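Reading the structure
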Amino acid sequence: MQTNLLEMRSITKTFPGVKALDDVNLTVREGEIHAICGENGAGKSTLMKVLSGVYPVGQYEGEIHYAGGLAEFHDIAESEAKGVIIIHQELALVPLLSIAENLFLGNETQKNGIINWPETYRRTEGLLQKVGLKDAPTTLVDKLGVGKQQLVEIAKALAKDVRLLILDEPTAALSEADSQALLDLMLELKAQGVTQIIISHKLNEVRRVADTVTVIRDGHTVSSFGTTDGITEDRIVRDMVGRSMENRYPPRTPKIGDMLMEVEGWTVHHPEHADRRVIHGVDLNVRAGEVVGIAGLMGAGRTEFAMSIFGRSWGQGISGRVRMRGVEVNTATVGRAIEAGLAYVTEDRKSLGLVLDEQIRRNVTLTNLPKVANGPVLNHNEETRVAEGYRSSLNIRTPSVFQKVVNLSGGNQQKVVLAKWLFAEPEVLILDEPTRGIDVGAKFEIYGLINDLAAAGKGVVMISSEMPELLGMCDRIYVMNEGAFVGELSAAEASQERIMSLIVTE
Amino acid sequence: MTFAGQTDTHTGEETKGGLGAYLSAHLREYGLLFALIAIMAFFQIVTGGTLLRPINLTNLLLQNSYIIIMALGMLIVIVSGNIDLSVGSVMGFVGALAAVMIVNWDQSLLVTALVCVAVGALIGAAQGYWIAYWSIPSFIVTLAGMLVFRGLSLWLLGGESVGPFPREFQSIASGFVPDLFPGGAAMAELFGLRNFNMLSFVVGLIAAGLVVWSGLNKRAQNRKYGIEDEPQGFFIARIGIVALALVFVFFKLSTFRGLPNVMITMGVLTVIYAFLTEQTVLGRRVYALGGNRKAAKLSGIKTEKLTFLSFVNMGILAAIAGLVFAARLNSATPKAGFALELDVIAAVFIGGASMSGGVGKIVGAVVGAFLMGVLNNGMGILGVGIDYQQMIKGLVLLAAVIFDVYNKQKG
């Protein structure tokens, strides 16, 4: 009989005007991996903030029992001292400091303010070994990929004598291979006795590592069960969204028309190292009404490829041809690419897609301002009308289009980015990870929009790291690896196994 | 999902509406107006009514004209996410150039003015080039410019003051627009004054009328589109205060010598730049550039070109300010414009612009400049020492920015 390490009882957290958590219960047993599932906005992160003391005791109702006593954390430092450590979705590493410096940041191996470097490096090596990182302790974090950075975060938690490790969407930014490595590490830590909570949208991962699942919806605990109880993914999804989701991808009858865009022999060099070729003679085409996927691992060069086509926004020494409806076009600047009928919806909506502190309507019109202006003078009313149009057609949930986008949830922000690019009236849309970090319900809506675009005769190129998504949505899938296309599969022949085998056999 | 809780909070507040919510959402705008009024009232009382005497009011406008002119350009530079530390030096250099051209080389006023503005544009272009196309931080480039143009004015003037100017040149800064309307004498009699400038009074009435009209117009538009608007009481109070203040100031001016020439320059430029920033495609793109440069670039906006142009524009305005400043002092001195960039930058930040870019309004910058001007003027009348003046101005700037940050955190 295992004891309970953590019991959160009847937690209620109210923000002015809204109950974010309402009588939530969470029980985590010593030594288990506990998954918390729920849609975006369900209250998962709020719950973790209550647990870690971001919302100090007194700002919420209910009790937290941790390690056999009543826990009343006033800030993160107190919870960390007790071994409760959160690794957030957005990593909290300092890019220009070394791995060792990051690991002991705020927790330095020191005496009277003077750092003991030999000891620091010795301990770092030990910790890196534990998480399976082979990089030198002096390596700058900047030089590591996201996957390795995630491991550094975990090593940092281990450096603090973690007892309860909380991972918030740890694999959201990771490739398939890195995700697997991370999950393996979680299992290994479990074997060493570290209790873990994982927040994730990815149900296959949850099933792989979790012993217990708690589903939260709209601030309530909906269900909690062991993964050995024969619970299916469908059941979890049903609990998460409150309805059955037999079809995670809306159906579509493809009506594929004329050739829209052809890319030929596209070659790109690295922006800093001119002699390093990153994209090697890629050929791609997309027809009207077609959804074409680009599969590949993180770092395969998919984003770089897309951005280099779109106004040479990445790389240098670019060669190759782009034809639209058979006519060669110049896409050397973003302006020209837009004119040629291209749109690129970025994977990084916060830093590349939106002006966060601006109103929704001002973001939407940014790609095509002259369309809401008489000559040089803006027509604010027309702008509002346009934004209202997208708000209702894309179902952007907001009290008004005058709301700043920073206040929207991830799914609604993504819809604003889409609206912005629809307003540019493109013929071909390149969607880079269009559903990253958004919840199941919003994903379904985005899929519907993609289908609508295809039905309207647009060409869609979809880059995604989630293979089921590509398989569910695309008519044709290119497989990319190390800067080159290594295969092309029709919807009928494509499967996760075939895509993976194309990647690994190259 | 990280911010889900906060998101909901916002919508909750938004739907609740109400006076308190509206006020706290727009505290900055009202706060600035209120601060200006409060400071003016304070100095009006402690100076025994000297502050708002027609002659002092006229002086106040003349003293701050060049700061306001440069603040217009600085606002755009700051909104686009940069800063220009060189404007004081550039202003001094252009003033020196004008003096040398007119006094030493006997050039006509027109040629001098055109050359000076062109040189200003060129200086802006030279600095903007490195900032826009080489991505060198504007702080560094314009810090270099500050030293270079300070040195150039010293060199140009040979370390001495050059002047005086012919009367026509002086009139740029110290001249007054002749009265075009009849009836001045009758009004003077009515109010028991020595003279009364009808033109100034009429312009004041028209300006106040325009404020009311455009306010009503915007309000009607907002209502039509169902946009949450300010409560009626606030609207009436705000528009009323602004309109009355305008009538009052112009009335005061008309009892002295009427409209200063430079006020026309200032007014016209302010209107042009307010329109440019708020109503045009170009202006919107500047805000997007400052709000998120990468996203703006990926939206097809020519961010480099915009940055470049913002500095060319700043150079032109610094040149105009240089002409006004030289004309006002009636000579060009090597010290002219020293540390003035700090006043200009302070005005823009007091006016609500954000250091990180994307936020700020022309009207805010102008009011910010006036606020600093009233502080200078009022403390000057009281005979407050320059030591205390500096300290107080510094603290006012800090307070304004703290207020901004506090507001943002709360919101």
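Note that the coordinates shown come from a computational prediction; the quantities given were computed from them, not determined experimentally.

**What about the overall build of chain B?**
- Looking only at helices and strands, chain B has 18 helices and zero strands in total.
- Expected size for 411 residues packed as a compact globule is a radius of gyration near 22 Å; at 22 Å, chain B falls within 12% of this value.

**Focus on the overall build of chain A**
- A tally of regular secondary structure across chain A gives 17 helices and 24 strands.
- Its C-alpha radius of gyration of 24 Å places chain A within 12% of the 23 Å reference for a compact globule of 506 residues.
- Each principal axis of the C-alpha atoms in chain A carries an extent, and together these give about 70 × 50 × 50 Å.
- Each of the 506 residues in chain A was classed as buried or not, and the buried ones make up 49%.
- A fraction of 68% describes how many contacts in chain A between residues 6 or more apart in sequence connect residues 24 or more apart.

**Concerning the environment of A:Gly311**
All names here are of chain A.
- Mapped onto the fold, glycine 311 is located in the loop between helix H9 (302-309) and strand S16 (316-324).
- Note on glycine 311: 21 C-beta atoms within 10 Å, which makes it buried.
- If we skip the residues at most four places from it in the chain, glycine 311 touches Thr331, Ala332, Thr333, Val334, Arg336 and Ala337.

**Section: the sheet that holds strand S15 (residues 291-296) of chain A**
Residues and elements named next belong to chain A.
- Taken in spatial order, the six strands make up an open sheet running S18-S21-S22-S15-S23-S24, and their pairing is mixed. The two strands at the open ends of the sheet, each matched to only one other strand, are strand S18 (342-345) and strand S24 (484-490). Ignoring which end each strand starts from, the neighbouring axes of this sheet average 20° apart.

**Comments concerning helix H6 (residues 176-191) of chain A**
Residue and element names in this part refer to chain A.
- Its 16 residues give H6 an end-to-end C-alpha distance of 23 Å, which sits within 8% of 22 Å, the value for a rise of 1.5 Å per residue.
- Listed in full, the buried residues belonging to H6 are Asp178, Ser179, Leu182, Leu183, Met186 and Leu189. Projected down its long axis, H6 carries its buried residues within an arc of 140°, all on one side. Counted as exposed and oriented over 90 degrees from the buried face of H6: Leu187 and Ala191.
- Residues of H6 that are buried in the fold lie against strand S3 (33-37), helix H5 (146-159), strand S9 (164-168), strand S10 (195-199) and helix H7 (203-209).
- Taken from the residues just after H6, glycine 193 is the one with a positive phi, measuring 95°.

**Some points on the sheet that holds strand S6 (residues 84-87) of chain A**
All names here are of chain A.
- Read from one edge of the open sheet, six strands run S6-S9-S10-S3-S11-S12, paired in mixed fashion. Each edge of the open sheet is held by one strand with a lone partner, namely S6 and strand S12 (220-226). Taken over all neighbouring pairs, the strand axes of this sheet differ in orientation by 15° on average, direction set aside.
- Taken strand by strand, helix H1 (residues 44-52) contacts S3, S6, S9, S10 and strand S11 (212-217), and its axis lies near 145° from that of S6.
- Each of S3, S9 and S10 is contacted by H6, which is oriented at about 155° to S10, the strand it contacts most.

**Digging into the pairing of S12(A)**
Residues and elements named next belong to chain A.
- The sheet contact formed by S11 and S12 spans six bridges and is antiparallel. By the bridge assignment, valine 215 is partnered in S12 with serine 223.
- Counted along the chain from S11 to the antiparallel partner S12, the turn is two residues long, and its residue aspartate 218 has a positive phi close to 50°.

**Here we look at the environment of A:Leu431**
Residue and element names in this part refer to chain A.
- Positionally, leucine 431 belongs in strand S21 (residues 428-432).
- With 28 C-beta atoms packed within 10 Å, leucine 431 lands in the buried category.
- Sequence separation of leucine 431 and threonine 365 is 66 residues, and the distance between their C-alpha atoms is 19 Å.
- Beyond its immediate chain neighbours, meaning those up to four positions away, leucine 431 contacts Val345, Val460, Val461, Met462 and Ile463.

**Considerations on the confidence of the model for chain B**
Residue and element names in this part refer to chain B.
- Per-residue pLDDT for chain B has a mean of 86; in total, 93% of the residues score no lower than 70.
- Highest mean pLDDT in chain B belongs to helix H6 (residues 109-133) (96); lowest belongs to helix H1 (residues 4-16) (37).
- Model confidence for the complex is summarised by a pTM of 0.79, with the ipTM given as 0.82.

**Let's talk about the environment of A:Lys148**
- Inspection of the secondary structure assignment puts A:Lys148 in helix H5.
- What A:Lys148 contacts, discounting residues up to four positions off in sequence, is A:Leu133 and A:Asp135.

**Focus on the packing of H6(B) against helix H15 (residues 303-329) of chain B**
Residue and element names in this part refer to chain B.
- It is the contact of H6 with H15, at a shortest axis distance of 7 Å, that shows an interaxial angle of 145°. Relative to H15, the crossing made by H6 is right-handed.
- Along the lines of polarity and charge, the residues of the contact of H6 with H15 split into 20 nonpolar, eight polar and one charged.

Analysis parameters
Just so you know, the residues in each chain are numbered from 1, in the order the chain's sequence is written. To read the labels, note that chains go from A and ligands from 1, taken in the order they are written. Local features in this predicted model are restricted to residues of pLDDT 70 or higher, and side-chain atom pairs are both shown and tallied only at a pLDDT of 80 or more, whereas totals for entire chains, interfaces and linings draw on every residue. Numbering of helices and strands starts at the N terminus; helices are DSSP runs of H or I of at least 4 residues and strands are runs of E of at least 2. For the radius of gyration, the atoms used are the C-alpha atoms, and the globule rule reads 2.2 Å times the number of residues raised to 0.38. Counting other C-beta atoms within 10 Å of its own, a residue is labelled buried from 20 upward, exposed at 12 or fewer, and partly exposed in the gap between, with every C-beta atom placed from the backbone. We call two residues in contact when the distance between their C-beta atoms, placed using the backbone, is within 7 Å. Should DSSP find at least two bridges between two strands, the strands are regarded as paired. Only C-alpha atoms enter the line fits that serve as axes; for helices the fit covers just the stretch in contact. Angles between N-to-C directions range over 0 to 180 degrees. The span you would expect from a helix comes to 1.5 Å times its residue count less one. Of all possible arcs, the one meant is that of the directions from the helix axis to the C-beta atoms. Confidence of the predictor at the level of single residues is given by pLDDT, which spans 0 to 100. Note on convention: the crossing is left-handed when the near helix lies turned anticlockwise from the far helix by less than a right angle, right-handed when the turn is clockwise. Polarity classes work like this: nonpolar for Ala, Val, Leu, Ile, Met, Phe, Trp, Tyr, Cys and Pro, charged for Asp, Glu, Lys and Arg, and polar for all others, with Gly in that last group.

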